[in-house]
Each structure stands twice: as C-alpha cells, then as structure tokens.
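Residues per chain are reported as follows:
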Amino acid sequence: MTEQYICTIRAILEADHEMFIQLKFVAHKLEQFYASHKHFPRTDEERASFKQSLAKFIIANPYHPIVKDLIQNKMDTAPYQVPVFWMEDKSLDQQAFEQFLKKPDPSWQGEPGTIFILTNGDNIYLLFAATADRLPMRDFAAPNQPPRMICKQINLQM
C-alpha cells in the first residue's frame, strides 16, 4: 500500500511539474498577445484564436495519460483541446491580485489540467492550473506555502 501511495504522489508531482511548464508557456503567449494587441484577449474570437495558438504546443493533459487500445493497436486520436477558463473582473486592483496569490478564492476548482486566466481587463493577469485534487496547484511538500501561480502586471510604456 505504501509503495502504491508513493508512486501516486510521484506521478502527481511529475504532472504538476509539467503543468507549471505549460503555465509558463501560457504566460509567455499571453504577454505576446498583449504586446501586439495592447490588451488581453477579450472577444470570443480572440480567445478562441489564443486557445488555438496554445494547442499547437500543449498537446496533452499531464493528469490524463494518453491511452492506447492494445487490441486494435490504436491511440486515442481525438485532438487534445487545452481547457482554458477565462475570468475578467475590472474591479480588481494590484492589491486584490496579491491577496489571491496568498489565498485563492475557495471556489477556484476545476478538472485537473484546466488552466485559468484571470485579468482585470487592463494590464494585470493571474494564471493558475487545477491539479489532481481539482484545486489550484501548490507545493505538497510545503503545504503552508502559497499556491503556484503566475501573476504579472504589464507595462508597455518605456
């Protein structure tokens, strides 16, 4: 039983590591979009296009293994759709984002591997991903540490 528990924890930690790499990539793409458009994706079209640009590089959910049917010798061929959930609240300021970094809203839950993008509609964003327990990713070895999120304020003025 203990060995199975250790293997499960190891698999979750590996998936979390891969998920955080994906979050960094999403942050990079979000900043590129902002630099070229002077705003975060707003419309359904912009968000769909942004999601499609992610799908070129994020090809799997680290919490859901790719399954191969050994009888038919076929892989699951359905293309992976990056689960991205957008939230925008124009009333959020820098202080509110700093609070979220310390203690996220308890309602922030989702399927493992879902990427959440929260913006203030202006120039601050926060990214987090749901981990194996459906909550924002955090360091299981240091439970008192804040969740693993990416939060930045973008200033394009030189």
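Scroll up for the structure.
An account of the accompanying structure is given in this report. Since this is a predicted model, take the numbers as computed values, not measurements.

**Quick notes on the packing of aromatic side chains**
And then number 1: For the coordinates displayed, the defined rule picks out nine aromatic pairs.
And then number 2: Residues Phe100 and Trp108 carry aromatic rings whose centres are separated by 4.8 Å and whose planes lie at 45 degrees to one another, so their mutual orientation is tilted. Here Phe100 and Trp108 have matching classes, each one buried.
And then number 3: Taken together, the aromatic side chains of Phe85, Phe100, Trp108, Phe116 and Phe128 make up a single cluster linked through ring pairs.
And then number 4: Lying over the aromatic face of Phe20, Arg148 brings its terminal NZ or CZ to 4.1 Å of the ring centre.

**Regarding the pairing of strand β4 (residues 115-119)**
And then number 1: Among the five residues in β4, five count as buried, and that is most of the element.
And then number 2: Covered by surrounding structure in β4 are Ile115, Ile117 and Thr119 together with Phe116 and Leu118, the residues of both alternating faces.
And then number 3: Sheet topology places strand β3 (residues 84-88) next to β4; five bridges connect them, and they run parallel. Directly across from Trp86, in β4, lies its bridge partner Ile117.
And then number 4: The β-α-β motif built from β3, the intervening helix α3 (residues 94-102) and the parallel element β4 has right-handed crossover chirality.
And then number 5: As paired strands, β4 and strand β5 (residues 124-129) are joined by five bridges and run antiparallel to one another. Bridge pairing in β5 links Leu118 to Leu126.
And then number 6: In textbook terms, the turn of a hairpin is the stretch between consecutive antiparallel strands, and for β4 and β5 this stretch comprises four residues, one of which, Gly121, has a positive phi near 80 degrees.

What counts and what doesn't
Residues numbered from 1 in each chain as written. Predicted model: local features only at pLDDT ≥ 70, side-chain atom pairs only at ≥ 80, totals over all residues. Heavy atoms only, no water. Phe/Tyr/Trp six-rings, centres within 6.5 Å; stacked < 30°, edge-to-face > 60°. Buried < 20%, exposed > 50% of the residue type's maximum accessible area, 1.4 Å probe, protein only. Lys NZ or Arg CZ within 6 Å of the ring centre and 35° of its normal. Helix = DSSP H or I, 4+ residues; strand = E, 2+ residues; numbered from the N terminus. Pairing = 2+ DSSP bridges. Right-handed = clockwise from strand over helix to strand, strands pointing away.

No statement about biological role is implied by the geometric values presented.
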